[in-house]
Amino acid sequence: MNERMYLEILNEANSFGAKVIAVSKTKPVEAIQAFYDKGQRLFGENKVQELCDKAAILPKDIEWHLIGHLQSNKVKYIAPFVSLIHAVDSEKLLEEINKQAIKNKRVIPCLLQIHIAKEETKFGFSEEEVLDMLSTISFQSFSNIEIHGLMGMATNTDNEDQVEQEFETLHKLFLSIKNNFFSNSPYFKELSMGMSSDYKLALKHGATMIRVGSILFGER
Ligand SMILES: *Cc1c(COP(=O)(O)O)cnc(C)c1O
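The shown structure was predicted, so the numbers you read here are calculated from the model rather than taken from an experiment. (Residues numbered from 1 in each chain as written. Predicted model: local features only at pLDDT ≥ 70, side-chain atom pairs only at ≥ 80, totals over all residues. Heavy atoms only, no water.)

Quick notes on the nonpolar core
The test is simple: Note on terminology: a nonpolar core comprises buried Ala, Val, Leu, Ile, Met, Phe, Trp, Tyr and Cys residues joined through side-chain atoms within 4.5 Å. Working definition: with a 1.4 Å probe on protein chains only, accessible area under 20% of the residue-type maximum means buried, over 50% means exposed, and in between means partly exposed. We call two residues in contact when some of their heavy atoms are within 4.5 Å.
Leu70, Ile78, Ile85, Ile97, Leu112, Leu150 and Ile210 are the most contacted members of the largest nonpolar core, which has 65 residues in total. Discounting residues that sit within four places of it in the chain, Leu112 has contacts with His86, Val88, Phe125, Val130, Met133, Leu134, Ile147, Gly149, Leu150 and Met151. Counting six residues, the second-largest nonpolar core is a separate cluster that includes Ile21, Leu42, Met151 and Met209.

Digging into the environment of Leu10
As a reminder of what qualifies: Each helix corresponds to a stretch of at least 4 residues labelled H or I by DSSP, and each strand to a stretch of at least 2 residues labelled E; elements are numbered beginning at the N terminus.
With respect to the helices and strands, Leu10 occurs in helix H1 (residues 3-15). Sequence separation of Leu10 and Gln40 is 30 residues, and the distance between their C-alpha atoms is 9.7 Å. Among residues more than four places away in sequence, those in contact with Leu10 are Val20 and Gln40.

A word on the pairing of strand S1 (residues 19-23)
Note the cut-off: For two strands to pair, DSSP has to find at least two bridges joining them. Handedness of a crossover is defined as follows: with both strands directed away from the viewer, a clockwise route from the first strand across the helix to the second makes it right-handed.
Counting buried positions over the five residues of S1 gives four, a clear majority of the element. Sheet analysis places S1 next to strand S8 (residues 209-212), joined by four bridges and oriented parallel. Within S8, the position partnered with Ala22 by the bridge is Val212. Two elements, S1 and strand S2 (residues 42-45), share two bridges in a ladder whose sense is parallel. Residue pairing for S2: Val23 is matched across the bridge by Gly44. In the classification by handedness, the crossover that spans S1, the intervening helix H2 (residues 29-37) and the parallel S2 is right-handed.

So, the pairing of strand S4 (residues 84-88)
Each regular strand displays side chains that alternate between the two surfaces of the sheet. The buried fraction of S4 amounts to five of the five residues, a majority that puts the element mostly inside the structure. Alignment of strand S3 (residues 63-66) against S4, held across two bridges, turns out to be parallel. Counterpart to His65 in the pairing with S4 is Leu84. Relative to strand S5 (residues 108-114), S4 is paired through two bridges, and the arrangement is parallel. Bridged to Ile85 within S5 is Cys110. Chirality of the crossover, the property in question, places the unit of S4, helix H5 (residues 91-103) and S5 among those that are right-handed.

What to know about the site of the ligand
The following threshold applies: Any residue with a heavy atom lying within 4 Å of a molecule or strand is counted as near it. As used in this structure description, the phrase polar contact means that two N or O atoms lie within 3.5 Å; if the pair is within protein, one of them must be able to donate a hydrogen and the other to accept it, and residues adjacent in sequence are counted only when both atoms belong to side chains. Computed by Shrake-Rupley with a 1.4 Å probe, the accessible areas treat only the displayed protein chains as cover when residues are assessed. Under the convention adopted here, Pro, Cys and the residues Ala, Val, Leu, Ile, Met, Phe, Trp and Tyr are nonpolar, Asp, Glu, Lys and Arg are charged, and Gly plus all remaining residues are polar.
Within the structure, the ligand sits among Val23, Lys25, Ile67, Met151, Met153, Met195, Ser196, Arg211, Val212, Gly213, Ser214 and Arg220. Side-chain polar atom of Ser196 to an oxygen atom of the ligand: 2.5 Å apart, as the coordinates give it. Between Arg211 and the ligand, the recorded distance is 2.9 Å, taken from a side-chain N or O atom to a nitrogen atom. Within the complex, 90% of the 390 Å² of free accessible area of the ligand lies under protein. Its residues assigned to classes, the shell around the ligand comprises six nonpolar, three polar and three charged.

Honestly, it's all geometry; don't read function into it.
Take a look at the structure:
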C-alpha cells in the first residue's frame, strides 16, 4: 500500500469535507485488510460477485460501495448488506433495488449516475433523461430507497479544462436537482466524482466522495 499517498489524499479530502472510497477492484483481500488496519472503512468494488466474495471474508464493519454498472438480476446478491449503490442508471433498476430492499427489510441508499464524459458509454442518464425521470416518477413509490445524490465520471483525458468543465456541469446539475426535487430530503447531499487521475479537480468542483483505486493500491 502507498501509505504516504493514502494520508495525503485523506487530508486533502478532509479539508473539503469529502469522503474517500478506496476502490479495491481486482486487489486481494490482504491489500484491503492493510488499509482497514490503517482505519479505512469505505471500500468500492465494481463487480457484484467480487464484492460479495470479499465482503464474506473481510471485517463486517466495512461499508461496501458498489461503484460499477449493476444489472437488475444481480441486485439480490448485494441487497442484504451494500452501503451505497453509486451507478443507478434506470427506473427499472430502481424498481428492482426497492423490491430487494423490501425483502431484506432495509433501506438502500443510491446515487443516480449521470453521463458527463464526451466518451461513448452505455451507462448513465443524460441530463435530459434524469430530469425527465425525476419529473415523472414519484419517489413515494420507492419506499425502501433513499436517493443520496449523483455520481459521474469525467472523460479520460489530459485536458484538465475539459475535465473541470465536466465536473462543474455535474456540480450544477446536482445543485439544481437538489433544489427542484429533493429540497425536503435530508439525504440528497452526495456528489461522487473524481478518480486517481482527477480527484483534485473533482474536490475543487464540489465532490463529496472521491473514488480512488490505483493511486492507493497500485496499478491494476
Ligand atoms: C475503477 C474505478 C474507479 C477508480 O479508478 P482509479 O483510476 O483506479 O482511481 C473509480 N470509479 C469507478 C466507477 C471505477 O470503475
